[in-house]
Amino acid sequence: MRILKIFLCSVFIFSLFVSFSFGESDESKKMQSIDRLFQQAGNYYEMGQYDKAVTEYKNILRDGYDSGPLEYNLGNAYFRIGDLANAILSYERAKRIVPRDADLKANYRFARAEVREDVLDKRGIWNWRPLKVYSESLTINELILILSGTYILVLLIITAALYWPWILRKFSIITLLLILSFMGNLYITWHKTNLVGKEAIVLDSEIQSKFAPIDSATKFFNLYKGMNIIVLGEKSGWYKVKRSDGKIGWIKKEQVEIV
């Protein structure tokens, strides 16, 4: 009986080892394949074959791999072939991963300058430049880390003040600033999280939004290629969208793509 237990235990350990080894090998092969595709795409880009570069980068995405540099390079390739909308779409996706990359920010600004959206009167607190710059410079994960840090500091100060009341008096200004920082970052984090899956880029050259999700509805306002819009809802193949100046209308789903 003891020998049988030892045998079964050995088989179990061996099977774990084999599965781990094969799993690691499969993952390694997949990464090597992705590296080859990435290198090939880069070669196509350097040779000026931007269409082929786009195809290779999209193949990597279809394999389930995504990264800031990948989206950035894809955006550059799209921009080179004159596809402004998909270039901005890729840059927007890259910004969520590497928001402080200098080259990305420069190319994104250059692409944005080509979009007619800039003639609109943008509204809302999120268009206040200092807040926008701060919000766009951090990822959601980084904001969560800042929230956690400020929360822990406030909690430590309040806990210590229960035993030594003078601490709260001495650090009252710091505590107030930490609380304000926590509340502000909490609101920014909520806003950025709430936009995930709702931000979209207009793909068609010009779209006429309508008052209702039907072809015969009255035309309302225009959207232009490369514009950023917010998707508020969907119905029967239509998106209810909001433009940066606050106007709301309906467009067909295939005319835009979610960031």
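Residues numbered from 1 in each chain as written. Predicted model: local features only at pLDDT ≥ 70, side-chain atom pairs only at ≥ 80, totals over all residues. Heavy atoms only, no water.

**Concerning the overall build of the protein chain**
Next up, step 1: Looking only at helices and strands, the protein chain has 9 helices and 7 strands in total.
Next up, step 2: Residues counted as buried form 34% of the 259 residues belonging to the protein chain.
Next up, step 3: Residue pairs in contact within the protein chain that sit at least 24 positions apart in sequence constitute 56% of those at least 6 positions apart.
Next up, step 4: Of the roughly 16300 Å² that the protein chain leaves accessible, carbon and sulfur atoms contribute 61%. (Helix = DSSP H or I, 4+ residues; strand = E, 2+ residues; numbered from the N terminus. Buried < 20%, exposed > 50% of the residue type's maximum accessible area, 1.4 Å probe, protein only. Contact = heavy atoms within 4.5 Å. Areas by Shrake-Rupley, 256 points an atom, 1.4 Å probe, with all protein chains shown as cover.)

**Considering the pairing of strand β5 (residues 238–242)**
Regular strands place side chains that alternate from one sheet face to the opposite one.
Next up, step 1: Where strand β4 (residues 228–235) meets β5, 5 bridges bridge the pair, whose relative direction is antiparallel. Bridging across to β5, G233 finds its partner in K240.
Next up, step 2: Hairpin connection of β4 to β5: 2 residues between the antiparallel strands, including S236 at a positive phi of 50 degrees.
Next up, step 3: As paired elements, β5 and strand β6 (residues 248–252) share 5 bridges and run antiparallel to each other. Bridge assignment links K242 to a residue of β6, and that residue is I248.
Next up, step 4: Remark: 5 residues form the turn of the hairpin made by β5 and β6, two consecutive strands paired antiparallel; G246 in that turn has positive phi of roughly 95 degrees. (Pairing = 2+ DSSP bridges.)

**Description of the side chain of T175**
Next up, step 1: By secondary structure assignment, the location of T175 is in helix α9 (residues 172–195).
Next up, step 2: Setting aside chain neighbours within four positions, we find T175 in contact with I157 and L168.

**What to know about helix α4 (residues 84–95)**
Next up, step 1: End to end, α4 covers 16 Å across 12 residues, agreeing with the expected 16 Å (1.5 Å per residue, within 8%).
Next up, step 2: Burial of α4 is extensive: 11 of the 12 residues sit out of reach of the surface.
Next up, step 3: The set of residues buried in α4 consists of L84, A85, N86, A87, I88, L89, S90, Y91, E92, A94 and K95. (Expected span 1.5 Å × (residues − 1).)

**As for the confidence of the model for the protein chain**
Next up, step 1: Of all residues in the protein chain, 86% attain a pLDDT of 70 or more, and the chain-wide mean is 85.
Next up, step 2: In the model, residues 4–24 has pLDDT below 50 throughout and makes 0 contacts with residues more than four positions away in sequence or in other chains. (pLDDT = per-residue confidence, 0-100.)

**Brief notes about the nonpolar core**
Next up, step 1: Judged by nonpolar contacts, the single largest core of 39 residues is most densely connected at L223, I229 and I251.
Next up, step 2: Counting residues per element, this core draws most heavily on α4, at 7 residues. (Core = buried A, V, L, I, M, F, W, Y, C linked by side-chain atoms within 4.5 Å.)

**Thoughts on unusual backbone geometry**
Next up, step 1: Even without a glycine there, the phi angle at S236 is positive, about 50 degrees.
Next up, step 2: Within the secondary structure, S236 is located in the loop between β4 and β5.
Next up, step 3: For S236, a relative accessible area of 68% translates into the label exposed.

**With respect to the packing of aromatic side chains**
Next up, step 1: One pass over the structure, following the stated rule, counts 9 aromatic pairs.
Next up, step 2: Ring centres of Y72 and Y91 lie 6.3 Å apart, and the angle between their planes is 35 degrees; on these two criteria the pair is classed as tilted. Here Y91 lies in helix α4 and Y72 lies in helix α3 (residues 68–80), a separation of 19 residues in the sequence. An identical accessibility class is assigned to Y72 and Y91; each is buried.
Next up, step 3: Consider the rings of Y151 and F182, whose centres lie 6.0 Å apart with planes at 40 degrees: the pair is tilted. With Y151 in helix α7 (residues 140–163) and F182 in helix α9, this pair connects stretches of sequence that are 31 residues apart.
Next up, step 4: Its relative accessible area of 46% is what places Y151 among the partly exposed residues.
Next up, step 5: Looking at F182, the relative accessible area reads 21%, which means it is partly exposed.
Next up, step 6: Site record: aromatic cluster; members linked through ring pairs are F211, F220 and F221.
Next up, step 7: Against the face of Y108 rests K95, its NZ or CZ located 4.0 Å from the ring centre. (Phe/Tyr/Trp six-rings, centres within 6.5 Å; stacked < 30°, edge-to-face > 60°. Lys NZ or Arg CZ within 6 Å of the ring centre and 35° of its normal.)

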